[in-house]
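Residue strings, one per chain:
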Amino acid sequence: MPGHEIDLERVICRLADLEEYGARAFTVGGGAWPLRGFVVRYGNEVRGYVNRCPHAGHPLDLRPHRFLTPDRAMIVCSSHGALFEKDAGRCLAGPCAGERLQAVPLQLIGDVVLIAASADLAALSAAAR
Ligand code: FES
């Protein structure tokens, strides 16, 4: 991919990795508090969020990579059933209605999904705690 330097530290997955569940969890960074998030297909685009529910702070997926309703229309928190828009992370129903998931800025280079170079990893990691 001429003209693009890929920072391997920020690589999440390939688009094809999202086919099985429509979403995928990721961990970026080391130490005690890495950034734990997930990415989700939205049409031809991909959105990223911190994997922390605004209700009680739980990870949304009780089973790995299972972030979506069965019809894949919405993001669902497995703990208490909050439903979130895929495109903006806003909770439309459930115990945290009106709140939002913390977005993770993404970049697509070819079919590689990575965290945008402009993203503040330290701030996002703190939001995931
Ligand atoms: S922790 Fe997500 S709905 Fe309660």
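Computed from a predicted model, the values in this text were never measured in an experiment.

**Notes on the sheet that holds strand β5 (residues 75-76)**
Phase 1: Within the open sheet, the three strands sit side by side as β5-β6-β7. Their pairing is antiparallel. Strands at the two margins of the open sheet, each flanked by one partner only, are β5 and β7 (91-93).
Phase 2: Bridge analysis of β5 against strand β6 (residues 83-84) gives two bridges, and the strand direction is antiparallel. Counted as the bridge partner of V76 is L83 from β6.

**Focus: the environment of A73**
Phase 1: Within the secondary structure, A73 is located in the loop between β4 (45-50) and β5.
Phase 2: Look at A73 and you get partly exposed, because its relative accessible area is 44%.

**Concerning the side chain of R10**
Phase 1: You can see R10 is positioned in the segment before β1 (11-14).
Phase 2: Setting aside residues no more than four positions away along its own chain, R10 makes contact with V113, L114, I115, A116, A117, A119 and L121.

Definitions and limits used
- Residues numbered from 1 in each chain as written.
- Predicted model: local features only at pLDDT ≥ 70, side-chain atom pairs only at ≥ 80, totals over all residues.
- Heavy atoms only, no water.
- Pairing = 2+ DSSP bridges.
- Helix = DSSP H or I, 4+ residues; strand = E, 2+ residues; numbered from the N terminus.
- Buried < 20%, exposed > 50% of the residue type's maximum accessible area, 1.4 Å probe, protein only.
- Contact = heavy atoms within 4.5 Å.

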